[in-house]
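# Observations on chain architecture
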Amino acid sequence: MKQSLTDYPGQIAAVLFTRGCNLRCPFCHNPHLLIKPGRSETVTQLPDEDVIDFLHERRGFLDAVVISGGEPSLHPDLPLFLRKVKEMDYLIKLDTNGTNPVMLNEILSEGLLDYVAMDIKAPLEFKSYQAACGKLGSEDFFNIRSSVQLLLQASIMVEFRTQ
């Protein structure tokens, strides 16, 4: 975890990086967070208690928490973790590639997010996106387009980022 003055504009934020990503973009900024094929690491749990303790200790100094990655929505316990962070009255920003609109909808519906930044890797056309991401099935592409539509209707801060 690091502290940042730029990851959540106008706020002092802690940034939590999650491991694992379901895409293989050749221009990835965090390739060290990818889980290499054949390794036994999983992406099923966030480092909960240590992070929660860190955030408790810094209440009043930090304004926000940014969850980035890798791809945070690969973690099934992300909604539970966000609930704990929200209970501490932090603003929450999620950085995502948009491949999990079901989870995105769930955490938006619960009011757990204040800001979402979604990376748009290429023009929203399947072959272009597939070329840019290295590993992309038609279901992932459909999910990305669904997340764009979901975020266009969201009532929170939304940023679409391009490379």
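Notes on the structure in this doc start here. Everything numeric in this text was worked out from a predicted model, so none of it was measured.

Once that is clear, we can look at the packing of helix α2 (residues 78-87) against helix α3 (residues 101-109). One way to put it is that α2 packs onto α3 with a least axis distance of 10 Å and a crossing angle of 25 degrees. Judged on the interaxial angle alone, α3 and α2 are roughly parallel. Viewed along their axes, α2 and α3 form a crossing whose handedness is right-handed. Contact residues: α2 offers L78, P79, L82 and R83, while α3 offers M103, E106 and I107. Taken together, the residues that form the contact of α2 with α3 break down as five nonpolar, no polar and two charged.

A few words on the packing of aromatic side chains. A full pass over the atoms with the stated rule returns three aromatic pairs. With a centroid separation of 5.1 Å and 85 degrees between ring planes, the pair formed by Y8 and Y115 is classed as edge-to-face. One end of the pair, Y8, is in the loop between β1 (2-4) and β2 (13-17); the other, Y115, is in strand β5 (residues 115-120), and 107 residues separate them in sequence. You'll find Y8 and Y115 in the same group, each marked buried.

Another point: the sheet that holds strand β4 (residues 91-96). In spatial order, the strands read β1-β2-β3-β4-β5-β6; together these six strands make up an open sheet with mixed pairing. The two strands at the open ends of the sheet, each matched to only one other strand, are β1 and β6 (157-162). Taking the axes of each pair of neighbouring strands and ignoring which way they run, one obtains an average angle of 20 degrees across the sheet. Where strand β3 (residues 64-68) meets β4, four bridges bridge the pair, whose relative direction is parallel. Residue A64 lies in a different strand from β4, and its bridge partner there is L91. Contacts from α2 reach β2, β3 and β4, with the element oriented near 155 degrees to β4. Helix-sheet contacts for helix α5 (residues 138-152) involve β5 and β6, and the interaxial angle to β5 is about 145 degrees.

Let us now look at the packing of α3 against α5. Between α3 and α5, the shortest axis-to-axis distance is 9 Å and the interhelical angle comes to 20 degrees. Judged on the interaxial angle alone, α5 and α3 are roughly parallel. Across from P101, L104, N105 and L108 in α3, the residues of α5 making contact are N143, S146, S147, L150 and L151. Its residues placed into classes, the contact of α3 with α5 shows five nonpolar, four polar and no charged.

Rules and cut-offs
Residues numbered from 1 in each chain as written. Predicted model: local features only at pLDDT ≥ 70, side-chain atom pairs only at ≥ 80, totals over all residues. Heavy atoms only, no water. Axes fitted to C-alpha atoms, helices over the stretch in contact; angles between N-to-C directions. Helix = DSSP H or I, 4+ residues; strand = E, 2+ residues; numbered from the N terminus. Parallel < 35°, antiparallel > 145°, perpendicular 65-115°, else oblique. Left-handed = near helix turned anticlockwise from the far one by under 90°. Contact = heavy atoms within 4.5 Å. Nonpolar A, V, L, I, M, F, W, Y, C, P; charged D, E, K, R; others polar. Phe/Tyr/Trp six-rings, centres within 6.5 Å; stacked < 30°, edge-to-face > 60°. Buried < 20%, exposed > 50% of the residue type's maximum accessible area, 1.4 Å probe, protein only. Pairing = 2+ DSSP bridges.

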